[in-house]
Amino acid sequence: MSVTHPAGFQAAGVPAGLKSTGAKDLALVVNQGPHYDSATVFTSNRCKANPVLWSEQVVKDGIVRAVVLNSGGANCYTGPEGFQTTHAVAERVAGHLRIGAGDVVVCSTGLIGLTNPRQRLLDGVDAAAGQLSSDGGADAAAAIMTTDTVSKQFVVEGDGWSIGGMAKGAGMLAPQLATMLVVITTDARVPAAELDGALRAATRVSFDRLDSDGCMSTNDTVTVMASGASGVTPDVAEFTDALTRVCSDLAMQLLADAEGADHEIAITVLGAATEDEAVEVGRSVARSNLFKAAIFGKDPNWGRVLASIGTTSASFDPADLDVAMNGVWVCRNSTPAEDPSLVDLEPRQVTVTIDLKAGDALATVWTNDLTHAYVHENSAYSS
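Computed from a prediction, not measured in an experiment: that's the story for all the values here.

The omega angle of the peptide bond from Gly 33 to Pro 34 is 20°, so this bond is cis rather than trans. With respect to the secondary-structure elements, Pro 34 resides in the loop between β2 (26-31) and β3 (37-42). A positive phi angle, close to 60°, is found at Arg 98, a residue other than glycine. Within the secondary structure layout, Arg 98 lies in the loop between α2 (79-97) and β5 (104-109). Since its relative accessible area comes to 79%, Arg 98 is described here as exposed.

All right, on to the nonpolar core then. Counting residues in each nonpolar core, the largest one holds 45 residues, and the members touching the most others are Val 68, Leu 69 and Met 166. Among the elements that take part in this core, β2 stands out by supplying five residues, more than any other. Setting aside residues no more than four positions away along its own chain, Val 68 makes contact with Leu 26, Ala 27, Leu 28, Val 89, Val 93, Val 104, Val 105, Val 106, Cys 107 and Val 125. Membership of the second largest hydrophobic core comes to 31 residues, among which are Ile 309, Ala 314, Ile 354 and Leu 356.

One open sheet accounts for six strands, arranged β13-β12-β11-β14-β10-β15; its pairing is mixed. Of all strands in the sheet, those with a lone pairing partner are β13 (335-336) and β15 (361-368), marking the two edges. Sheet contacts for helix α7 (residues 275-286): β10 (264-272), β14 (349-355) and β15; angle to β15, the most-contacted strand, approximately 25°. Across the sheet, helix α8 (residues 289-296) lies against β10, β11 (322-325), β14 and β15, angled at about 125° from β10, the strand it touches most.

The next subject is the sheet that holds strand β1 (residues 9-14). Here we have four strands laid out as an open sheet, ordered β1-β2-β4-β5, and mixed in their pairing. Each edge of the open sheet is held by one strand with a lone partner, namely β1 and β5. On average, adjacent strands in this sheet sit at an angle of 10° to one another, irrespective of strand direction. Pairing analysis gives six bridges linking strand β4 (residues 66-71) to β5, with the strands arranged parallel.

Before going further, it helps to spend a moment on the packing of aromatic side chains. For the structure on display, the rule yields two aromatic pairs. A centroid spacing of 5.7 Å and a plane angle of 45° characterise the contact between Trp 161 and Phe 239, whose relative ring orientation is tilted. With Trp 161 in the loop between β6 (152-157) and β7 (162-168) and Phe 239 in helix α6 (residues 236-256), this pair connects stretches of sequence that are 78 residues apart. We classify Phe 239 as buried; its relative accessible area is 3%. Against the face of Tyr 36 rests Arg 65, its NZ or CZ located 3.9 Å from the ring centre. When the ring centre of Trp 329 is taken as reference, the NZ or CZ atom of Arg 332 above it lies at 4.3 Å.

Turning to the confidence of the model for the protein chain, a few remarks are in order. Residues of the protein chain with pLDDT of at least 70 account for 96%, and the chain-wide mean is 93. Within the model, the stretch residues 172-178 combines pLDDT values under 50 with 47 contacts to residues more than four positions away or in other chains.

Let us now look at the packing of α2 against helix α3 (residues 118-130). Axes are the key here: two packed helices are described by the angle between their axes and the distance separating the axes. Close contact between α2 and α3 brings their axes to 10 Å; oriented N to C, the two are set at 20°. Accordingly, the angle class assigned to the pair α2 and α3 is roughly parallel. Considering only the axes of α2 and α3, their crossing is right-handed. For the pair formed by α2 and α3, the contact residues are Glu 81, Gln 84, Thr 85, Ala 88, Val 89, Arg 92, Val 93 and His 96 on the first element and Arg 118, Leu 121, Leu 122, Val 125, Asp 126 and Ala 129 on the second. A class-by-class count of the residues in the contact of α2 with α3 yields seven nonpolar, three polar and four charged.

A separate point is the pattern of salt bridges. Counted according to the given criterion, the structure contains 15 salt bridges. Between Glu 56 and Lys 48 there is a salt bridge whose closest N-O contact spans 2.7 Å. Its salt-bridge partner being Lys 152, residue Asp 257 comes within 2.6 Å of it at the nearest N-O pair. Of this pair, Asp 257 sits in the loop between α6 and β10 while Lys 152 sits in strand β6; the two residues are 105 residues apart in sequence, bridging distant segments of the chain. Through salt bridges that share partners, Asp 320, Asp 322, Arg 332 and Lys 357 make up one connected network.

Let's shift gears to the pairing of strand β12 (residues 328-332). Among the five residues that make up β12, four are buried, leaving the element largely enclosed by the rest of the structure. Sheet topology places β11 next to β12; three bridges connect them, and they run antiparallel. Opposite Met 325, over in β12, you have Val 328 as the bridge partner. Linkage of β11 to β12, two consecutive antiparallel strands, is achieved through a turn of two residues, within which Asn 326 is found at a positive phi near 50°. Taken together, the two bridges between β12 and β13 define a ladder with antiparallel strand orientation. Pairing of Arg 332 across the sheet is with Thr 335, part of β13.

This paragraph deals with the packing of helix α5 (residues 192-204) against α6. At a minimum axis distance of 9 Å, the contact between α5 and α6 shows a crossing angle of 45°. One element, α5, and the other, α6, form an angle in the oblique class. In terms of crossing hand, the pair formed by α5 and α6 is right-handed. Every residue of α6 that contacts α5 at Glu 194, Leu 195, Ala 198, Leu 199, Ala 201 and Ala 202 is listed here: Val 236, Phe 239, Thr 240, Leu 243, Thr 244 and Cys 247. Residue composition of the contact of α5 with α6, grouped by class: nine nonpolar, two polar and one charged.

What counts and how
Residues numbered from 1 in each chain as written. Predicted model: local features only at pLDDT ≥ 70, side-chain atom pairs only at ≥ 80, totals over all residues. Heavy atoms only, no water. Helix = DSSP H or I, 4+ residues; strand = E, 2+ residues; numbered from the N terminus. Buried < 20%, exposed > 50% of the residue type's maximum accessible area, 1.4 Å probe, protein only. Core = buried A, V, L, I, M, F, W, Y, C linked by side-chain atoms within 4.5 Å. Contact = heavy atoms within 4.5 Å. Pairing = 2+ DSSP bridges. Axes fitted to C-alpha atoms, helices over the stretch in contact; angles between N-to-C directions. Phe/Tyr/Trp six-rings, centres within 6.5 Å; stacked < 30°, edge-to-face > 60°. Lys NZ or Arg CZ within 6 Å of the ring centre and 35° of its normal. pLDDT = per-residue confidence, 0-100. Parallel < 35°, antiparallel > 145°, perpendicular 65-115°, else oblique. Left-handed = near helix turned anticlockwise from the far one by under 90°. Nonpolar A, V, L, I, M, F, W, Y, C, P; charged D, E, K, R; others polar. Salt bridge = Lys/Arg side-chain N within 4 Å of Asp/Glu carboxyl O.

Right, here's the structure in full:
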């Protein structure tokens with residue numbers, strides 16, 4: 001039930017005619033209170049879609065009462081008309097719920113430069129508002145899919161409270177955040193300021209560490225709404241841990257559905273001087289097309305790992321690096337070690353461990369391999 005599992009929420013997912021297939025393409029998630037605390041993080045791309053520009057203003061007061069999302073068109077670089085469409089959608093939602101449009105987050109996903117038909121969106125809002133239900137989470141999760149092959153949902157139970165989440169995303173995954181829309185709900189009583197701190201802590205080690213292809217979207221949005229309907233105020237650390245579990249699970253679902261991928265790769269960097277340097281090294285390897293192509297070809301080419309490490313500003317001795325692939329230490333002290341033929345790259349799950357021997361910090365970055373299917377999917381995306 002994802003976003004409608006926590007008390008105080010309703011959702012719906014309907015076909016608005018944006019997708020040529022006639023599939024569901026507009027979702028609405030509503031917080032019924034009694035509280036309306038929220039927190040949101042957006043893409044750090046300077047080129048932002050109209051819904052992001054709108055929603056950045058909406059979330060400033062820490063109050064969000066509804067999130068409306070559409071797939072089938074990003075509404076990005078569509079001119080003043082596109083922004084007016086975003087505004088009109090928020091106003092239509094607000095009218096149905098008898099709230100202010102300034103409390104409605106708007107999200108869109110799809111092709112950049114595609115003008116979304118305003119009337120279809122408005123009609124879709126009307127339909128969604130009429131179908132709002134405490135059982136509507138699954139329909140909402142289906143309605144935000146684009147190239148996703150499955151919907152992404154997850155629930156964590158607390159002591160008398162819960163968190164539910166839904167996400168979309170299957171490619172263009174890179175911080176911050178990934179090409180994704182995520183709505184998270186909780187019936188815990190969490191003030192907006194604490195919610196913001198928890199969300200940023202959770203995304204820092206989950207969505208921000210997902211780097212499928214190094215490409216950053218214009219529409220990324222992660223919104224969490226707290227209804228307080230359970231009447232329970234959890235410990236901040238306990239709530240942050242639960243929210244991190246939700247974000248991490250959704251992030252791994254995004255990775256598992258990455259367009260055309262054959263392998264999911266966890267790159268763990270040990271012995272770094274700082275956590276930031278560990279992330280920098282992990283991300284450098286994750287963004288190496290040569291490395292990703294090697295994994296696709298089941299070639300344990302550790303030289304490509306070292307070459308990527310060398311492009312970073314992290315602290316390390318180039319003559320003293322260790323690398324393991326699926327538990328086999330193929331490189332020790334920057335020289336050949338165990339036989340690379342011992343590395344089994346048949347399984348979908350791949351681990352790469354790098355020891356920089358420069359400190360005690362560590363971090364993991366997740367990516368996937370570069371496949372023929374990925375190239376095909378993205379070469380034909382707009383046609």
